[in-house]
Amino acid sequence: MIDEEATSMEKLEKRGVINTWIDKHRSIYTAATRHAFVVSIRDGSVDLSSFRTWLGQDYLFVRGFVPFVANVLIRAGKESGETSDMEVVLGGLASLNDEIEWFKSEGAKWDVDFSTVVPQTANLEYSRFLEALMSSEVKYSVMMTAFWAIEAVYQESFAHCLEDGNKTPTELTGACHRWGNDGFKQYCSSVKNIAERCLENASGDVLAEAEDVLVRVLEHEVAFWEMSRGG
Ligand SMILES: Cc1ncc(CO)c(N)n1
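For every chain, the first residue of the written sequence is number 1, and numbering continues from 1 along that sequence. Per-residue local features of the predicted model are confined to residues with pLDDT of at least 70, and side-chain atom pairs are confined, for both listing and counting, to 80 or more; whole-chain, interface and lining totals are unaffected and use all residues. The side-chain values count all of the structure's non-hydrogen atoms but skip hydrogen atoms and water molecules.

- By the naming in an unreviewed UniProt entry, the protein is aminopyrimidine aminohydrolase, taken from Eutrema salsugineum.
- UniProt positions are given in the numbering used here, feature names are shortened, and annotations may be inferred rather than shown by experiment. The heading Pathway (unreviewed entry) in the UniProt record of the protein holds the text "Cofactor biosynthesis; thiamine diphosphate biosynthesis."

Considering the nonpolar core
Part 1 of the reasoning: Formed by 74 residues in total, the largest nonpolar core has its most connected members in Trp 54, Phe 65, Phe 68, Leu 130, Met 144, Phe 147 and Trp 148.
Part 2 of the reasoning: For the purposes of this entry, the term helix denotes a DSSP run of H or I that reaches at least four residues, the term strand denotes a run of E that reaches at least two, and both are numbered from the N terminus. Ranked by residues supplied to this core, first place goes to helix α8 (residues 140–160) with 13 residues.
Part 3 of the reasoning: Whether two residues are in contact is decided by their heavy atoms, any of which lying within 4.5 Å being enough. Non-local contacts of Trp 148, meaning those with residues more than four positions away in its chain, are made with Ile 18, Ile 22, Cys 188, Val 191, Lys 192 and Leu 214. By nonpolar core is meant a set of buried Ala, Val, Leu, Ile, Met, Phe, Trp, Tyr and Cys residues that side-chain atoms within 4.5 Å join together. A 1.4 Å probe rolled over the protein chains alone gives each residue an accessible area, and that area as a share of the maximum for its type sets the label: buried under 20%, exposed over 50%, partly exposed in between.

Observations concerning the environment of His 25
Part 1 of the reasoning: Secondary-structure assignment places His 25 in the loop between α2 (17–24) and α3 (26–33).
Part 2 of the reasoning: Through-space distance from the C-alpha of His 25 to that of Leu 214 is 9.5 Å; in sequence the pair is 189 residues apart.
Part 3 of the reasoning: Once residues within four sequence positions are removed from consideration, His 25 is found in contact with Glu 211 and Val 215.

So, the side chain of Glu 196
Part 1 of the reasoning: Along the polypeptide, Glu 196 turns up in helix α10 (residues 182–200).
Part 2 of the reasoning: Lys and Arg are tallied as positive, Asp and Glu as negative. Neither His nor the chain termini are counted. Each salt bridge in this description consists of a side-chain nitrogen of Lys or Arg and a carboxyl oxygen of Asp or Glu lying within 4 Å of one another. The buried charged residue Glu 196 lacks any salt bridge, with Lys 192 as its nearest oppositely charged partner at 5.9 Å.
Part 3 of the reasoning: Polar contact is the term for a pair of N or O atoms within 3.5 Å; when the atoms are in protein, one must be able to donate a hydrogen and the other to accept it, and sequence-neighboring residues count only if both atoms are side-chain atoms. Polar side-chain contacts of Glu 196 include one of 2.8 Å to the backbone nitrogen of Ile 18.

So, the site of the ligand
Part 1 of the reasoning: Around the ligand, the surrounding shell consists of Asp 58, Phe 61, Val 62, Phe 65, Glu 99, Tyr 126, Ile 150, Glu 151, Tyr 154, Trp 179, Glu 221 and Phe 224.
Part 2 of the reasoning: The side chain of Glu 151 places a nitrogen or oxygen atom 2.9 Å from an oxygen atom of the ligand.
Part 3 of the reasoning: Only the protein chains shown count as cover for residues, with accessible areas throughout obtained via the Shrake-Rupley method and a probe of 1.4 Å. Taken by itself the ligand offers 280 Å² of open surface, and the protein chains cover 100% of this.
Part 4 of the reasoning: Those elements that provide at least two residues to the shell around the ligand are α5 (48–79), α8 and α11 (204–227).
Part 5 of the reasoning: Per-element tally for the shell around the ligand: the top contributor is α5, with four residues.
Part 6 of the reasoning: By residue class, the composition of the shell around the ligand is eight nonpolar, no polar and four charged. What makes a residue near a molecule or strand is one non-hydrogen atom of that residue sitting within 4 Å of it. By the convention adopted, Pro, Cys, Tyr, Trp, Phe, Met, Ile, Leu, Val and Ala count as nonpolar, Lys, Arg, Asp and Glu as charged, and the other residues, Gly among them, as polar.

What about the UniProt feature "domain: Thiaminase-2/PQQC" (unreviewed entry) in the protein?
Part 1 of the reasoning: According to UniProt, the positions carrying the feature "domain: Thiaminase-2/PQQC" (unreviewed entry) are residues 23–229.
Part 2 of the reasoning: Here residues 23–229 runs as 78% helix and 0% strand, with 28 Å between its end C-alpha atoms.

Let's talk about the packing of α8 against α11
Part 1 of the reasoning: Remark: α8 packs on α11, axes separated minimally by 9 Å, with the N-to-C direction vectors making an angle of 35 degrees. Between α8 and α11 lies a crossing whose hand is right-handed. Where α8 abuts α11, its residues Ser 141, Val 142, Thr 145, Ala 146, Trp 148, Ala 149, Ile 150, Val 153, Tyr 154, Ser 157 and Phe 158 lie against Val 206, Glu 209, Ala 210, Val 213, Leu 214, Val 217, Leu 218, Glu 221, Phe 224 and Trp 225.
Part 2 of the reasoning: Here the contact of α8 with α11 is composed, by residue class, of 16 nonpolar, three polar and two charged. Geometry is summarised by axes, namely lines fitted to C-alpha atoms with helices restricted to the contacting stretch, and by angles between N-to-C directions that run from 0 to 180 degrees. In a left-handed crossing the near helix is turned counterclockwise from the far helix by less than a right angle, and in a right-handed crossing that turn is clockwise.

Some words on the packing of aromatic side chains
Part 1 of the reasoning: Only rings of Phe, Tyr and Trp enter the pairing, Trp through its six-membered ring, and a pair is recorded when the two centres are within 6.5 Å. The plane angle decides the type: under 30 degrees is stacked, over 60 is edge-to-face, the rest tilted. Using the criterion set out here, one finds 28 aromatic pairs in the structure.
Part 2 of the reasoning: Ring geometry for Trp 54 against Trp 179: centres 5.9 Å apart, planes inclined by 80 degrees, an arrangement best described as edge-to-face. Highlighted residues: Trp 54 in helix α5 and Trp 179 in helix α9 (residues 173–180), separated in sequence by 125 residues. For the pair Trp 54 and Trp 179, a shared accessibility class is recorded, and that class is buried.
Part 3 of the reasoning: Measuring from centroid to centroid gives 6.3 Å for Tyr 126 and Phe 129, while their planes differ by 45 degrees, and the two rings are tilted. Remark: Phe 129 and Tyr 126 occur in helix α7 (residues 121–133); sequence separation between them is three residues, near one turn of the helix.
Part 4 of the reasoning: Its relative accessible area of 1% is what places Tyr 126 among the buried residues.
Part 5 of the reasoning: A network of ring pairs unites the aromatic residues Phe 37, Phe 51, Trp 54, Tyr 59, Trp 102, Phe 103, Trp 110, Phe 114, Tyr 154, Phe 158, Trp 179 and Trp 225 as a single cluster.

Encoded structure:
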């Protein structure tokens, strides 16, 4: 009996706390990673005005995400104790540089003038949430959990649009490859490992905070996809 318990505890530990939280909050996780907008890209029924709305709003989001990631980078350099953390985050920051260029060319392609795009409520609320996470009061492990979740939602969503049986319109595969490619998947997995390592040593209070932040990221992501419905 005791042996059996020990074995199941071991399994639980190996799975990691993040996977345990995802199982616990499966419905919001699925809502964020299989949103109707993403499913419509995959099945080819996507409304192009929705795509244009998403593009403009996400461009603004990414501009606010850069300082957040820069903050994660600073924290990784100061307090991670593992030199590789900084390299992983630096890679993310470098890809954001390409991403901004990609947005600009995509904006020209779809005739979306970013200088006139007004951030919608969901976008403003998400930015405000990111700003609060940049406070020095927020533990590195909590910040890293949020960072992983933000990236993972896009990775899972856009990879779904490229999986077998997709009818993703060719003119949208560029967007899907940006976040759905194997390199980005690998990067998300590295960020997840960092977060897991930090959470291993976290107190109960910090764990509760990280779990809460994870759920809040998922809620913000759902609200973000929802904006595209407005067209
Ligand atoms: C809303 C949102 N979440 C996550 C990402 C991934 O970087 C993004 N570009 N936009």
